[in-house]
Amino acid sequence: MPTAAALRHGLPYWLAGYRSMLRFELASARGWLPTFMFIQVLMGAGMAVVYGFYLGDMPPLAATFITTGAPTLSIIPLGMALLPSLVGAQKTEGSYDFVWSLPVPRPVAAFSSFTLFTLLAVPGVVVTLLLATWRYHLHLEVSPLVVVAVLLAALMSASVGFSLGHAVPNPLITNVITNLVIFVVLMFSPIAFPIDNFPGWLASVHRVLPFWHMANVVRASLTQGLVPHVGQSYLVLAAWLAGAWVVAAWVMGRRR
Amino acid sequence: MTTLAPARVALRSGPGYWWDSYRGMLRWQLTSMRLWLPVTAMVQAISGAGFVLAMGLFFGTVPPRAALFVSTGVLVLTLVIVGLILGPQLVAAQRMEHTYDFLWSLPVPRTTAAAAWLTVNFIIGLPALAVALGVALLRYDLPLHVSPAIVPAVLLTLYTGTMIGYAMAHAIAKPMITVIITQATIFLAFGFSAINFPLDQLPGWLAEVNEWLPLYPMANTVRAALTQGVAEEVARSYLVLAAWSVASTALAAGVLGRRG
């Protein structure tokens with residue numbers, strides 16, 4: 001294949017690399033994929049049910065908040081916990097350098113990760129939403145914007161997780177950070193609850209962090225009149241996405 | 001020193017030997033966990049306190065009854081988490097690192113290892129209990145009525161939780177299975193057990209299941225000793241809990257006595 005070797009740039013080369021990397025990553029994912037889908041639904045629909053047990057009798061507004069927060073709860077562990085810990089595991093096992101040394105441009109490898117982890121979030125989101133609406137007998141007003149909202153939230157989450165996994169050298173630190181993210185998301189984030197319940201300082205923190213904004217864009221696409229200023233949330237998510245990509249570009253350009 | 005050794009070897013039975021071995025094992029366990037122990041105690045205190053505080057975010061204004069349930073429920077979780085979750089995970093890690101057989105081969109009666117582990121759990125559990133209770137009292141104005149029943153309730157809860165974990169950890173040979181079971185347990189304990197919320201907020205069949213599993217009786221007995229008119233059918237809970245403690249002790253004894 002001398003011609004292929006000569007052609008190591010240009011769009012066809014990129015596309016071929018992208019396709020191979022997607023196949024490579026999908027094949028390495030088949031071991032954990034079924035388990036993970038299960039955990040994802042547990043985090044989303046499971047938590048929606050559990051929050052209901054805690055609240056006892058459920059006013060319709062609370063039920064709507066929990067149900068429309070559940071998809072976001074199922075997106076976060078995939079991109080922000082699983083992806084960085086998989087990269088961390090590669091570092092521990094010593095296969096990290098091998099993956100980086102594959103003969104594809106590094107941005108192509110990154111985009112294949114983004115694609116895979118964005119699309120993998122979708123089935124979990126759908127199942128979670130169906131289970132939660134069924135549990136609380138809700139009728140949601142689904143707008144076409146839900147596609148944009150879920151994909152943006154998932155892409156941002158995967159990008160932040162990717163940058164985190166690659167930028168933090170010690171996998172143990174990555175592990176601590178991902179555990180902390182899950183803890184904060186489940187207990188201290190206005191995802192399934194109105195941000196008005198939060199004390200002022202914590203609410204301000206959440207106006208900068210991405211979690212509340214993820215919940216906002218998804219909720220806005222499923223309900224009417226619950227989320228004011230959803231445009232701001234889109235902007236904040238876009239900013240997080242851009243920031244994550246800058247970090248990713250820096251990590252990828254680094255030579256050791 | 002060499003002249004003393006034969007005399008000690010001769011005495012490998014009797015209460016004196018057992019007591020010496022117990023003290024040795026306790027020192028051994030506390031020393032081998034000297035890094036792990038303070039970190040765990042801290043994480044436990046923070047997550048217990050965090051959980052109590054997080055309830056305020058769930059509800060906006062927390063109804064007094066919910067605050068009472070969560071505050072007393074978190075106490076119970078703090079008591080059992082080390083014995084029921086972290087203990088089995090430690091044993092699983094020993095199996096993966098292949099230090100398990102070495103520990104079993106130490107020249108002490110195996111019951112002293114179990115007794116030392118129980119002691120460690122009391123050493124961790126009781127201060128964590130105090131911290132969680134303190135935070136709950138500070139955050140919510142709780143109408144607590146502490147009765148003397150708190151002593152048997154806490155002791156029985158700590159003992160049963162630790163023994164169930166201990167029996168499970170040593171009975172299951174594959175460490176991965178232990179890890180999966182403990183992770184499922186923690187999810188079920190926080191989400192689907194009537195520990196932090198009243199039993200009647202669960203669907204009927206799940207409430208029925210809860211009455212026979214150990215976690216709800218633990219919460220119910222401890223709650224009965226701390227409050228008035230909140231816990232129901234406490235005698236039944238004591239019975240179920242006692243049955244679990246006997247069963248787990250028997251299983252642990254069976255595993256301890258096993259050769260091979």
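The rules behind the values
- Residues numbered from 1 in each chain as written.
- Chains lettered and ligands numbered in written order.
- Predicted model: local features only at pLDDT ≥ 70, side-chain atom pairs only at ≥ 80, totals over all residues.
- Heavy atoms only, no water.
- Helix = DSSP H or I, 4+ residues; strand = E, 2+ residues; numbered from the N terminus.
- Rg over C-alpha atoms; globule rule 2.2 N^0.38 Å.
- Buried < 20%, exposed > 50% of the residue type's maximum accessible area, 1.4 Å probe, protein only.
- Contact = heavy atoms within 4.5 Å.
- Areas by Shrake-Rupley, 256 points an atom, 1.4 Å probe, with all protein chains shown as cover.
- Lys, Arg positive; Asp, Glu negative; His and termini not counted.
- Charge placed at Lys NZ, Arg CZ, Asp CG, Glu CD.
- pLDDT = per-residue confidence, 0-100.
- Expected span 1.5 Å × (residues − 1).
- Bend = angle between axes of the 7 residues up to and from the residue.

Caption draft 1: The arrangement of the overall build of chain A in detail. Summing up its helical and strand segments, chain A has 11 helices and 0 strands in all. Listed by position from the N terminus, the elements making up chain A come as α-α-α-α-α-α-α-α-α-α-α. Computed over C-alpha atoms, the radius of gyration of chain A comes to 19 Å, within 12% of the 18 Å expected from 2.2 N^0.38 for 256 residues, which places it in the range of a compact globule. The buried share among the 256 residues of chain A stands at 50%. Contacts spanning at least 24 positions in sequence make up 82% of the contacts within chain A whose residues lie at least 6 apart. Accessible area of chain A: about 12300 Å², with a carbon and sulfur share of 72%. One way to put it: in chain A the 12 positive side-chain charges average out to a point 15 Å from where the 6 negative ones average out.

Caption draft 2: Layout of the confidence of the model for chain B. Averaged over every residue, the pLDDT of chain B is 86; the share at 70 or more is 95%. Interface confidence for the predicted complex, expressed as ipTM, amounts to 0.78; the pTM equals 0.80.

Caption draft 3: Here's a closer look at the confidence of the model for chain A. The predicted model of chain A averages 89 in pLDDT, with 96% of residues at 70 or higher. Confidence scores differ between elements of chain A, with helix α1 (residues 2–6) of chain A showing the lowest mean pLDDT of 53 and helix α10 (residues 210–220) of chain A the highest of 96.

Caption draft 4: Looking closely at helix α4 (residues 64–97) of chain B. Residues and elements named next belong to chain B. Taking 1.5 Å as the rise per residue, α4 with 34 residues should run 50 Å; its terminal C-alpha atoms sit 48 Å apart, in good agreement. Helix geometry: α4 is bent most strongly at Ile 81, by close to 50°. Burial within α4 is extensive, with 25 of its 34 residues counted as buried. Among the residues trailing α4, His 98 stands out with phi positive, at a value near 65°.

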